[in-house]
Amino acid sequence: MKGKFITIEGPDGAGKTTQVRKIAQYLKSAGKNVLITREPGGTAFGEKLRDTLLSPGIESPVPEAEALIYAASRAQLIKKVIAPALLGGTHVLCDRFVDSSLAYQGWARGLGIQTIMEINSWFIQDWWPDITILLDVDPALSISRLNRARDRLERETMDFHKRVREGFLKVRDMFPERIVTVDASESPEKVFNAIIGVIKNIL
Ligand SMILES: Nc1ncnc2c1ncn2[C@@H]1O[C@H](COP(=O)(O)OP(=O)(O)OP(=O)(O)O)[C@@H](O)[C@H]1O
Ligand SMILES: [Mg+2]
């Protein structure tokens, strides 16, 4: 049987990586095969693109270039990692996926959610997530959780981060069967319990 493809989305500092680890632990202790990956990156080629996208200090890509590089990293990840794992019966947990592009490049950068959908639909095809957890939180709170050096996108203005949140909620409304919102202002344990409540239904 094919594995389930689960993606975790939300703004910077929402708790995605924290929850991906907890979900993986939970699934492994239930005897499931699990693979964790992330975007951008997750492949050797994709990690190079990630460095290019996130390191501050170089010339910033124009929004169109940014959108295409994210898409390139995603195409590589689907073919090299996600599809083979799912076909082999492994569940895949992905820390950000296409909905981040729809929210950041489509909405917050103003390229249009539909435009980003078209670029990505071209190669995602059969590999849309089975379920997507959207960690929703006021960016003022989530950004305040980041006590490390900020990357290029995290250095954006609070206005930008507010548009990202708005974008995610619009995308959720476009895919109400696939995307489930979880209140990420709660403690990590409460957030985790809410996520497990959702994931149990598809396993
Ligand atoms: N529910 C929570 N409440 C308070 N702090 C949290 C919560 N979840 C995670 N944190 C803390 O907030 C910080 C950011 O969490 P994490 O790295 O999981 O977020 P992220 O969404 O993966 O961020 P990024 O987008 O930067 O990768 C970490 O220090 C983490 O320990
Ligand atoms: Mg993270």
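Only a predicted model underlies this, so the values are computations on that prediction, with no experimental measurement involved.

Undergrad: I keep staring at the overall build of the protein chain and nothing clicks. Help me out?
TA: Check the secondary structure of the protein chain and you find eight helices and five strands. Scanning the protein chain from its N terminus toward the C terminus, one meets helices and strands in the order β-α-β-α-α-β-α-α-β-α-α-β-α. Taken over C-alpha atoms, the radius of gyration comes to 16 Å for the protein chain, in line with the 17 Å a tight globule of 203 residues would show. Based on the C-alpha atoms only, the size of the protein chain along its principal axes is roughly 45 × 35 × 30 Å. Sequence separation of 24 or more characterises 81% of the internal contacts of the protein chain that already satisfy a separation of 6 or more.

Undergrad: What should I look at first to understand the nonpolar core in this one?
TA: The nonpolar side chains of a soluble globular protein tend to be buried, and buried together. Val92, Leu93, Ala103, Leu135, Val182 and Ile195 are the most contacted members of the largest nonpolar core, which has 40 residues in total. When residues of this core are assigned to their parent elements, the largest contribution, seven residues, is made by helix α3 (residues 63–87). Alanine 103 has contacts with Ala108, Val164, Gly167, Phe168 and Val171, leaving out every residue within four places of it along the chain.

Undergrad: Looking at this structure, how should I read the site of ligand 1?
TA: Taken together, 13 residues form the shell around ligand 1, and within it Gly15, Lys16, Thr17, Thr18 and Arg145 come nearest. Sorting elements by how many residues they give to the shell around ligand 1 places helix α1 (residues 16–29) first, with three residues.

Undergrad: I'm lost on the sheet that holds strand β1 (residues 5–9) in this one. Help?
TA: Sheet strands line up and pair through hydrogen bonds in the backbone, either parallel or antiparallel. With parallel pairing, the five strands of this open sheet are ordered in space as β2-β3-β1-β4-β5. Here the strands that pair on one side only, and so sit at the sheet edges, are β2 (34–38) and β5 (179–183). Neighbouring strand axes in the sheet, compared pairwise and without regard to direction, differ in orientation by 20° on average. Here strand β4 (residues 131–136) runs beside β5; their pairing, made up of five bridges, is parallel. Bridge pairing in β5 links leucine 134 to threonine 181. Here α1 sits on the sheet in contact with β1, β2, β3 (91–95) and β4, set at roughly 170° to β3. Strand contacts of helix α8 (residues 188–199): β1, β4 and β5, with the helix running at about 160° to β4, the strand carrying the most contacts.

Undergrad: Before we go on, may I ask you to explain the environment of arginine 38 in this structure?
TA: Among the secondary structure elements, arginine 38 is positioned in strand β2. Arginine 38 gets classed as partly exposed once you count the C-beta atoms within 10 Å, which come to 19. C-alpha of arginine 38 to C-alpha of leucine 77: the two residues are 39 residues apart in sequence and 8.8 Å apart in space. Discounting chain neighbours no more than four positions away, the residues touching arginine 38 are Cys94, Asp95 and Arg96.

Undergrad: Can you help me understand the pairing of β4 in this one?
TA: Two faces make up the sheet, and in a regular strand the side chains alternate between them. Two strands pair when backbone bridges link them, and β1 and β4 are joined in this way by four bridges, in the parallel orientation. Bridge pairing in β4 places isoleucine 8 opposite isoleucine 133.

Undergrad: Would you explain the environment of serine 100 in this entry?
TA: Topologically, serine 100 is positioned in helix α4 (residues 98–108). Along the chain, serine 100 and glycine 10 lie 90 residues apart, while their C-alpha atoms are 7.4 Å from each other. Here serine 100 is in contact with Glu9 and Glu39, once residues within four sequence places are set aside.

Undergrad: Would you mind going over helix α2 (residues 44–54) with me for this structure?
TA: For an α-helix, the turn length of 3.6 residues means that residues three or four places apart are oriented alike. All buried positions along α2 are accounted for by Gly46, Leu49, Arg50 and Leu53. All buried residues of α2 project into a common sector of 110° when viewed along the axis, lining one side. Along α2, exposed side chains directed more than 90 degrees from the buried face belong to Ala44 and Asp51. Contacts from the buried residues of α2 go to α3.

Rules used throughout
Residues numbered from 1 in each chain as written. Chains lettered and ligands numbered in written order. Predicted model: local features only at pLDDT ≥ 70, side-chain atom pairs only at ≥ 80, totals over all residues. Helix = DSSP H or I, 4+ residues; strand = E, 2+ residues; numbered from the N terminus. Rg over C-alpha atoms; globule rule 2.2 N^0.38 Å. Contact = placed C-beta atoms within 7 Å. Core = buried A, V, L, I, M, F, W, Y, C linked by C-beta atoms within 7 Å. Buried ≥ 20, exposed ≤ 12 C-beta atoms within 10 Å, placed from the backbone. Near = placed C-beta within 6 Å. Pairing = 2+ DSSP bridges. Axes fitted to C-alpha atoms, helices over the stretch in contact; angles between N-to-C directions. Arc of directions from axis to C-beta.

Read these as layout, nothing more, since geometry by itself doesn't imply function.
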